Amino acid sequence: MATDFKSIPLIDMSPLLEKWDHPNMAQDEGVAQVVRQLDQACREAGFFYVKGHGIPVSLMKEIKSITREYFHQPYEEKIKIKLSAATGYRGYQRIGENITKGIPDIHEAIDCYREVKHGMYGDLGDVMQGSNIWPSNPPNFKQLMEEYIDRCTDLSRKIMRGIALALGGSAEEMEGEIGGDPFWVFRIIGYPAASISNGHDKADNDVGCGAHTDYGLLTLVNQDDDIVALQVRNKSGEWISAPPIPGTFVCNIGDMLKILSNGIYESTMHRVINNSPKYRVCVAYFYEPNFDAAVEPLDMCLQKTGGTKNFEGAVYGKHLVSKVTTNFVM
């Protein structure tokens, strides 16, 4: 359960990444320290920064740079890859098309998902059927993003092994039928500079992304280094800023991990308000369970929480589709 945290912890992942596939990784003191830090962060805040993650900082910067280059093109160019139901909800959406709790978000984005082929998940996968549609400009956009997605998938799997240990299970606890063939969601997002009216910021009307929790297991956020915009809500309802720490990811846990842990770990409410006079970019990678996974509280977590299920189970793909199909004005 989230606490009245005032800041978000920073965890060095390098000891975990070094031993992530060793049979006795849990006995390694370096790994054990990371696991303790993950457990505390997931219990208290549901958010943490990671460094020592193995993804080159140069690539993280290049991803943000090419994102900015894409969004700074004319609207006519961006709309060539327009998101629609026919594209499997993949592609570009203009400012105000994404909705959070009925209110338009002040951001533009490209939405991407792991490919879903015809018949892959029966009727469950029909809505999400398709491949990502990438812009032809900038020319190396697709190649760069796909390399980055592969790296984020690999990193997320390793962090999830640490989280499985933190919950008291084996490193493989979140694999197999839960996440052995993980789905992923990828959002490339641009937030306009703050509106200025009569010399005053209209911050209350400039919510880049309304308060929400994430759907899956783990999110990796690569945000601009010089703009503070992400805010996380603590137990008292205070909004705590998550200022950028260059070279790190901001990570948070999602609804599916909340269910698996039976509420030991909470998916924390967060939002984005860009009060800066500068355009902000952010690239968010969401590591999810298997698309057809039936997610229920784990037995080991039930035992730790009195034996009663605190949450109904969910089929991940069904949960995702219910969100995706109600998040847009088309």
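To be clear, the structure that these remarks concern was listed above.
Predicted model, so just to flag it, every value in this text is computed and none were measured.

S.K.: I'd like a rundown of the sheet that holds strand S12 (residues 218–223), residues and numbers included.
M.R.: Strand order across the open sheet formed by eight strands is S1-S2-S15-S12-S17-S8-S6-S3, with mixed pairing between neighbours. Every other strand in the sheet has two partners, leaving strand S1 (10–12) and strand S3 (91–93) as the edge strands with one partner each. Recorded for the sheet is a direction-independent mean angle of 25° between the axes of neighbouring strands. Of the strand pairs in this sheet, strand S6 (residues 108–113) and strand S8 (residues 182–191) are connected by six bridges, and their pairing is antiparallel. Each residue of the ladder has a partner; that of Tyr-113, found in S8, is Val-185. Contacting S6, S8 and strand S17 (280–290), helix H9 (residues 316–324) crosses the sheet at an angle of about 25° to S8.

S.K.: Which residues make up the environment of Val-34, and what are the values?
M.R.: Checked against the element boundaries, Val-34 lands in helix H2 (residues 29–44). Assessed through its relative accessible area of 2%, Val-34 is described here as buried. Considering only alpha carbons, one finds Val-34 and Val-324, 290 residues apart in sequence, at a separation of 34 Å. With residues up to four places along the chain from it excluded, the contact list for Val-34 reads Ile-11, Asp-12, Met-13, Pro-15 and Leu-16.

S.K.: Before we move on, can you summarise the packing of aromatic side chains with the specific residues and values?
M.R.: The final tally for this structure, using the stated rule, is twelve aromatic pairs. A centroid spacing of 5.7 Å and a plane angle of 50° characterise the contact between Tyr-70 and Phe-141, whose relative ring orientation is tilted. Of the two residues, Tyr-70 sits in helix H3 (residues 57–71) while Phe-141 sits in helix H5 (residues 141–166), which places them 71 residues apart along the sequence. Taken as a pair, Tyr-70 and Phe-141 share a single burial class, namely buried.

S.K.: How would you sum up the side chain of Arg-187? Please name residues and give values.
M.R.: Following the sequence through the fold, Arg-187 ends up in strand S8. Judged by relative accessible area, Arg-187 falls into the buried class, the value being 12%. A polar atom in the side chain of Arg-187 sits 2.7 Å from the side chain of Asp-111. Those residues in contact with Arg-187 that lie beyond four places of it in its chain are Gln-93, Asn-98, His-107, Ala-109, Ile-110, Asp-111, Cys-282, Val-283, Ala-284 and Phe-286.

S.K.: So what's going on with the pairing of strand S2 (residues 47–51)? Which residues, and what values?
M.R.: Within S2, four of the five residues are buried, leaving the element largely enclosed by the surrounding structure. Pairing analysis gives three bridges linking S1 to S2, with the strands arranged parallel. In the strand pairing of S2, Leu-10 is matched with Tyr-49. Judged from the four bridges that link them, S2 and strand S15 (residues 249–253) form a sheet pairing that is antiparallel. Residue pairing for S15: Tyr-49 is matched across the bridge by Val-250.

S.K.: With reference to specific residues and values, describe unusual backbone geometry.
M.R.: For the bond running from Asn-137 to Pro-138, omega is -5°, close enough to zero to count as cis. Within the fold, Pro-138 resides in the loop between strand S7 (120–123) and H5. In this structure, Asn-262 is a non-glycine residue whose phi angle is positive, near 55°. Mapped onto the elements of the fold, Asn-262 is located in the loop between helix H7 (255–260) and strand S16 (270–273). We classify Asn-262 as buried; its relative accessible area is 1%.

S.K.: Can you break down the sheet that holds strand S14 (residues 239–241) residue by residue, with the values?
M.R.: By way of backbone hydrogen bonds, the strands of a sheet pair with one another, either parallel or antiparallel. The antiparallel open sheet is built from four strands, whose spatial order is S11-S16-S13-S14. Here the strands that pair on one side only, and so sit at the sheet edges, are strand S11 (207–212) and S14. Within the sheet, the average angular offset between the axes of one strand and its neighbour, ignoring direction, is 25°. Relative to S16, strand S13 (residues 230–233) runs antiparallel, the two sharing three bridges. Looking at the pairing, Leu-230 lines up with Val-272 of S16.

S.K.: Any details on H5? Residues and values, ideally.
M.R.: Spanning 26 residues, H5 covers 37 Å between terminal C-alpha atoms, matching the ideal 38 Å at 1.5 Å per step. Looking one or two residues beyond H5, the residue adopting positive phi is Gly-168, at roughly 100°.

Conventions adopted
- Residues numbered from 1 in each chain as written.
- Predicted model: local features only at pLDDT ≥ 70, side-chain atom pairs only at ≥ 80, totals over all residues.
- Heavy atoms only, no water.
- Pairing = 2+ DSSP bridges.
- Helix = DSSP H or I, 4+ residues; strand = E, 2+ residues; numbered from the N terminus.
- Axes fitted to C-alpha atoms, helices over the stretch in contact; angles between N-to-C directions.
- Contact = heavy atoms within 4.5 Å.
- Buried < 20%, exposed > 50% of the residue type's maximum accessible area, 1.4 Å probe, protein only.
- Phe/Tyr/Trp six-rings, centres within 6.5 Å; stacked < 30°, edge-to-face > 60°.
- Polar contact = N/O pair within 3.5 Å; in protein donor to acceptor, adjacent residues only side chain to side chain.
- Expected span 1.5 Å × (residues − 1).

On their own, these measurements won't tell you what the molecule is for.
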